[in-house]
Amino acid sequence: MPDVQALVNDYVNKLRRRKIEGSQTTARLTAELLRSVISQQRVPYTNQAGALIDAVRAVGVQLIAANPIELAVGNIVRRILHIIREEDLSLATAAIGGFNVSALSDDDNADDEREDHLVLSAAAVAAASRSTLRAPSLQTLLEGVPDATATHHTSSSGGDSDGKSKSADKSSRSRKLKHDIIEAVNELIQDITTCHEQIAEQAVEHIHQNEVILTLGRSRTVMEFLCAAKEKKRSFRVFVAEGAPRYQGHVLAKELVSRGLQTTVITDSAVFAMISRVNMVIIGAHAVMANGGIIAPVGMNMVALAAQRHAVPFVVVAGSHKLCPLYPHNPEVLLNELKSPSDLLDFGEFSDCMDFGSGAPLLHVVNPIFDYVPPKLVSLFITDTGGHNPSYMYRLIADYYSADDLVIQRRPVSQN
């Protein structure tokens, strides 16, 4: 079994050097790494969930710091923290319910004691819901039971058997907790792997005969979405904006043509001139924020404004691993990153404009990667769970994340 810390260090180096590109690949590799961390983490008899949360959080801080612009890393870290809390709460609730049923079966003659047991169960479940980080173990639940419930077991031999049973139950619960968490993480990895297929299955509901679709740059999700509609005998044309300066639109155009789609490549500056012929804009996203806005390849905000001007639906296709629980104004969110100016111009041709010997150069070159598109410009989100309005995204995100995990690394409070 490889050392977990070595795996973490290797993955951190790859993230830092930008050796891993694409939200889906990053999300899948992050989930697989955290699954290894959980499987090899030794947990105590008490507060097993807290130990796993601390271990995942410690690794997550390193991964997020290595590449802050890749929001899928933080999304998966928070998703797995949420999974740990949910599985621990589920086991705690089941343990309370099981104990309550067994206690009631031994009590033959007191309705008021039954009410006491029911109140105890409800209170314990409520406490677990309020603080899943300190969800009660089976031992603490049993220790919190009034002495009256234990009067049926008075013999010393019975007490010894109870102690052995408690120890066995604690060990069994620890193993079951890790097993359930790993199973849930496996399901998450499967969802990430198959998100393109699940989104593509909805294509025939949104793309109709003889429509004209516009997209910008290259997105595998968009490509699979369009090709799925083509396989359902939909006949339509695709306009592909080239996505300068990386020109990923050229790559997408070749892929679409190889799959039999009628494709037209246009320059980014021609989007406004061509948008009046378009029935729908379908684009991918780097991340979907909690307010329904998106972080997308540079130039996408221009496309969204053109679509709004001509009342053309602006549709975003994105897997659930791209749903980020943060807002654009959060300090943890890095909205953009600058690439090398060499993508825009050749240094040799402009070297005389960049003469640093005479002071600050007159020519500056800025090459951002992403645009931010506000939610008011988005018509519809299509995820692997279905289609959603931008105003519903916050509710969808709330199902995947816990409020306690929005900030992975707590900043220490400065004392003046």
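Basis of the calculations
- Residues numbered from 1 in each chain as written.
- Predicted model: local features only at pLDDT ≥ 70, side-chain atom pairs only at ≥ 80, totals over all residues.
- Heavy atoms only, no water.
- Pairing = 2+ DSSP bridges.
- Helix = DSSP H or I, 4+ residues; strand = E, 2+ residues; numbered from the N terminus.
- Contact = heavy atoms within 4.5 Å.
- Axes fitted to C-alpha atoms, helices over the stretch in contact; angles between N-to-C directions.
- Buried < 20%, exposed > 50% of the residue type's maximum accessible area, 1.4 Å probe, protein only.
- Polar contact = N/O pair within 3.5 Å; in protein donor to acceptor, adjacent residues only side chain to side chain.
- Arc of directions from axis to C-beta.
- Core = buried A, V, L, I, M, F, W, Y, C linked by side-chain atoms within 4.5 Å.
- Phe/Tyr/Trp six-rings, centres within 6.5 Å; stacked < 30°, edge-to-face > 60°.
- Lys NZ or Arg CZ within 6 Å of the ring centre and 35° of its normal.
- Salt bridge = Lys/Arg side-chain N within 4 Å of Asp/Glu carboxyl O.
- Parallel < 35°, antiparallel > 145°, perpendicular 65-115°, else oblique.
- Left-handed = near helix turned anticlockwise from the far one by under 90°.
- Nonpolar A, V, L, I, M, F, W, Y, C, P; charged D, E, K, R; others polar.

Chemist: Honestly, the sheet that holds strand β8 (residues 370–373) in this entry has me stumped. Any pointers?
Modeler: What links the strands of a sheet is backbone hydrogen bonding, and the strands pair in either a parallel or an antiparallel sense. Taking strand neighbours across the sheet as the criterion, the three strands line up as β5-β6-β8 in an open arrangement whose pairing is antiparallel. Two strands lie at the open edges of the sheet, namely β5 (287–288) and β8, each paired on one side alone. In the packing of helix α13 (residues 300–309) onto the sheet, contacts are made with β6 (294–297) and β8, and the angle to β8 comes to roughly 35 degrees.

Chemist: Hey, could you run me through the side chain of T26 in this one?
Modeler: Within the element layout of this structure, T26 appears in helix α2 (residues 23–40). T26 sits in the buried class, given a relative accessible area of 0%. A polar side-chain atom of T26 sits 2.8 Å from the main-chain carbonyl oxygen of G22. Look past the residues within four positions of T26 in its chain and what remains in contact with it is Y11, L15, I20, E21, E70 and V73.

Chemist: Looking at this model, I keep getting lost on helix α11 (residues 248–258). Mind explaining?
Modeler: An α-helix turns once per 3.6 residues; consequently, residues spaced three or four apart project the same way. Considered for burial, the residues of α11 that qualify are G249, L252, A253, E255 and L256. All buried residues of α11 lie within an arc of 165 degrees about the axis, which places them on one face of the element. Facing away from the buried side of α11 by over 90 degrees, the exposed positions are K254, V257 and S258. On its buried side, α11 packs onto β1 (212–216), α10 (220–231), β2 (237–241) and β3 (262–266). Immediately beyond the C-terminal end of α11, within one or two residues, lies G260, with a positive phi of roughly 90 degrees.

Chemist: Help me understand the pairing of strand β4 (residues 280–284), please; the structure alone is not making it clear to me.
Modeler: Along any regular strand the residues' side chains alternate between the sheet's two faces. β4 sits mainly inside the fold: five of its five residues count as buried. Here β4 shows no split at all, with M280, I282 and G284 on one side and V281 and I283 on the other all buried. In this sheet, β4 lies alongside β1 in parallel orientation, the contact comprising two bridges. Bridge pairing in β4 places L214 opposite V281. In the sheet, β4 pairs with strand β7 (residues 314–317) via four bridges, with the strands oriented parallel. The residue of β7 that forms the bridge with I283 is V316.

Chemist: Even after reading the chapter, I still don't get the nonpolar core, so can you show me in this structure?
Modeler: If you look at the biggest cluster of nonpolar residues, it comprises 37 residues, and the most contacted ones within it are I38, V56, L63, I80, I84 and I181. Among the elements that make up this core, the one with the highest residue count is helix α4 (residues 71–106) (nine residues). With residues near it in sequence (within four places) discarded, V56 still touches L34, I38, V77, I80, L81 and I84. One finds L214, V281, A318 and F381 within the second-largest nonpolar core, a separate group that totals 36 residues.

Chemist: I keep staring at the sheet that holds strand β9 (residues 380–383) and nothing clicks. Help me out?
Modeler: Reading across the sheet, the seven strands line up as β3-β2-β1-β4-β7-β9-β10 and stay open at both edges, with mixed pairing between neighbours. If you trace the sheet from one side to the other, it starts and ends with β3 and β10 (386–388), each paired once. In this sheet, neighbouring strand axes are inclined to one another by 25 degrees on average, regardless of whether the strands run parallel or antiparallel. In this sheet, β9 lies alongside β7 in parallel orientation, the contact comprising three bridges. In the sheet register, V315 faces β9, and the bridge partner there is L380. The strands that α10 touches are β1, β2, β4, β7 and β9; relative to β4, the one it contacts most, it runs at about 135 degrees.

Chemist: Looking at this structure, I do not really get the environment of H82. What am I missing?
Modeler: By the secondary structure assignment, H82 is in helix α4. Considering only alpha carbons, one finds H82 and S402, 320 residues apart in sequence, at a separation of 5.5 Å. Among residues more than four places away in sequence, those in contact with H82 are D399, Y400, Y401, S402 and D405. Side-chain polar atoms of H82 contact the side chain of S402, separated by 2.7 Å.

Chemist: I would appreciate a short explanation of the packing of aromatic side chains in the present structure.
Modeler: Aromatic rings in a pair are described by how distant their centres are and how their planes are angled relative to each other. Evaluated as defined, the whole model comprises zero aromatic pairs. Lying over the aromatic face of Y400, R79 brings its terminal NZ or CZ to 4.3 Å of the ring centre.

Chemist: Mind showing me how you'd approach the pattern of salt bridges here?
Modeler: Pairs can form between side chains of opposite charge whenever their charged atoms are close. Using the criterion set out here, one finds 11 salt bridges in the structure. Where R259 meets E231, a salt bridge forms, and the shortest distance between an N and an O atom there is 3.9 Å. In this pair, R259 sits in the loop between α11 and β3 while E231 sits in helix α10, placing the two residues 28 residues apart along the sequence. The exposure class assigned to E231 is exposed, which follows from its relative accessible area of 57%. Two residues, R395 and D399, come together in a salt bridge whose shortest N-O distance is 2.7 Å. Salt bridges linked by common partners bring R57, R85, D404 and D405 together as one network.

Chemist: Where do I start with unusual backbone geometry in this structure?
Modeler: Glycine aside, a negative phi is what most residues show, and trans is what most peptide bonds show. Cis rather than trans, the peptide bond between A244 and P245 has omega equal to 5 degrees. Following the sequence through the fold, P245 ends up in the loop between β2 and α11. The phi torsion at N210 lies on the positive side, around 65 degrees, for a residue other than glycine. Here N210 lies in the loop between α9 (203–206) and β1.

Chemist: Teacher, can you tell me more about the packing of helix α1 (residues 4–16) against α2 here?
Modeler: The relative placement of two packed helices comes down to the angle between their axes together with the axis-to-axis distance. α2 packs onto α1 with a crossing angle of 160 degrees between their chain directions and a minimal axis gap of 10 Å. Regarding the angle of α1 to α2, the classification is roughly antiparallel. Crossing handedness for the pair α1 and α2: left-handed. Residues V4, L7, V8, Y11 and L15 of α1 lie in contact with α2, whose contacting residues are T26, L29, T30, L33, S36, V37 and Q40. The residue inventory of the contact of α1 with α2, partitioned by class, reads eight nonpolar, four polar and no charged.

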